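Here's the letter readout for the chains.
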Amino acid sequence: MKKILIIISDYYKDISENLLIGAESELKKKNYIYEKFFVHGSLEIPIVLNKFKKDYEGFVVLGCVVKGITDHYDIVKNVSFQNIYKIACENNLPLGSAILTVNDLDQAKERSLIGKRNLGGNAAKACINLIEKNL
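The structure displayed is predicted, hence computed values, not measured ones. Each chain has its residues counted from 1, running along the sequence as written. Local features in this predicted model are restricted to residues whose pLDDT is 70 or higher, and side-chain atom pairs enter the listing and the counts only when it is 80 or higher, whereas totals over whole chains, interfaces and linings include all residues. Side-chain calculation: all heavy atoms of the structure are included, whereas hydrogens and water are not.

### Overview of the nonpolar core
- What we call a nonpolar core is a set of buried Ala, Val, Leu, Ile, Met, Phe, Trp, Tyr and Cys residues that are connected through their side-chain atoms within 4.5 Å. We call a residue buried when its accessible area falls under 20% of the maximum for its residue type, exposed when it is over 50%, and partly exposed in between, using a 1.4 Å probe and counting protein chains only. Of all hydrophobic cores here, the largest spans 23 residues; its most connected members are Ile-4, Ile-6, Leu-27, Val-60, Leu-62, Cys-64 and Leu-100.
- Going along the chain from the N terminus, every DSSP run of H or I of four or more residues is numbered as a helix, and every run of E of two or more is numbered as a strand. Elements represented by at least two residues in this core include exactly β1 (3-9), α1 (13-29), β3 (58-66), β4 (95-102) and α5 (119-132).
- The contact definition used throughout considers only heavy atoms, calling two residues in contact when any of these lie within 4.5 Å. Setting aside chain neighbours within four positions, we find Cys-64 in contact with Tyr-12, Ile-15, Ser-42, Ile-99, Leu-100, Val-102 and Ala-108.
- Among the nonpolar cores identified, the runner-up in size contains 19 residues, and Ile-7, Ile-45, Leu-93 and Leu-95 belong to it.

Here is the structure:
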């Protein structure tokens, strides 16, 4: 069986739980074994991804960054995504991402709920697709 690591930022617990439900649902449909690793914020995701890059066949990263009135949103969003994709590309890692970048929690709920946009499920599908195409 193929094993996938789901790395979840649980800074916004309700949103993270929604994303995780969607991701787990897709992985279970395809009979993938997975493990979960929780971190507090999105900036920690690249650290975990880098540490475990050789230990799993694929990765799903989940989280949410909500825009505020300071530059912190841009810093967290840019640093997280740059480092996640740098690690993934340099190591040819099958990766699906649902780190939501939103203006408010209402947008995050819409994008995270399994009955709505289900971006957690979409991230798992992207990872599975890359694995199954041997990319």
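Still more ground to cover, so stick around.
### Remarks on helix α3 (residues 72-90)
- Helix span, as expected, comes to 1.5 Å for every residue beyond the first. An ideal rise of 1.5 Å per residue puts 27 Å on 19 residues; α3 measures up with 27 Å between its terminal C-alpha atoms.
- Where α3 is concerned, the buried positions are Tyr-73, Val-76, Ser-80, Ile-84, Ile-87 and Ala-88. Buried residues along α3 cover an arc of 110° about the axis, so they all sit on one side. Facing away from the buried side of α3 by more than 90 degrees, the exposed set consists of Gln-82, Cys-89 and Glu-90.
- In the core, the buried residues of α3 are packed alongside α2 (45-52), β3 and β4.
- A positive phi of about 50° marks Asn-92, the residue just after α3. Taken from the helix axis, the directions to the C-beta atoms give the arc we talk about.

### Description of the pattern of salt bridges
- Any carboxyl oxygen of Asp or Glu that lies within 4 Å of a side-chain nitrogen of Lys or Arg is treated as forming a salt bridge with it. The tally for this structure, following the rule as stated, stands at six salt bridges.
- The residue Lys-36 makes a salt bridge to Glu-24 at a minimum N-O spacing of 3.2 Å. Of this pair, Lys-36 sits in strand β2 (residues 33-39) while Glu-24 sits in helix α1, and the two are twelve residues apart along the sequence.
- Owing to a relative accessible area of 42%, Lys-36 belongs among the partly exposed residues under this scheme.
- Lys-30 is the salt-bridge partner of Glu-132, the closest N and O atoms lying 4.0 Å from each other. Pair noted here: Glu-132 is in helix α5 and Lys-30 is in the loop between α1 and β2, with a separation of 102 residues, a long-range link.
- A relative accessible area of 46% means that Lys-30 is categorised as partly exposed.

### Comments concerning the packing of aromatic side chains
- Each Phe, Tyr or Trp ring (for Trp, its six-membered ring) is paired with any other whose centre lies within 6.5 Å, and the angle between the two planes then decides the class: stacked below 30 degrees, edge-to-face above 60, tilted in between. Per the counting criterion, the structure on display carries five aromatic pairs.
- An angle of 55° between the planes, with centres 5.7 Å apart, marks the rings of Phe-37 and Phe-52 as tilted. On the criterion of sequence distance, the pair formed by Phe-37 in strand β2 and Phe-52 in helix α2 is long-range, its members being 15 residues apart.
- With relative accessibility at 31%, the residue Phe-37 sits in the partly exposed group.
- Exposure remark for Phe-52: the relative accessible area of 19% places this residue in the buried category.
- Both rings, one in Tyr-56 and one in Phe-59, keep their centres 6.0 Å apart while their planes meet at 70°; by these two values the pair is edge-to-face.
- In textbook terms, an aromatic cluster arises when at least three aromatic residues are bridged by ring pairs, as seen for Phe-37, Phe-52, Tyr-56 and Phe-59.
- Whether a charge sits over a ring comes down to the Lys NZ or Arg CZ being within 6 Å of the ring centre and within 35 degrees of the ring normal. Sitting over the ring of Phe-52, Lys-51 keeps its end group 5.8 Å from the ring centre.

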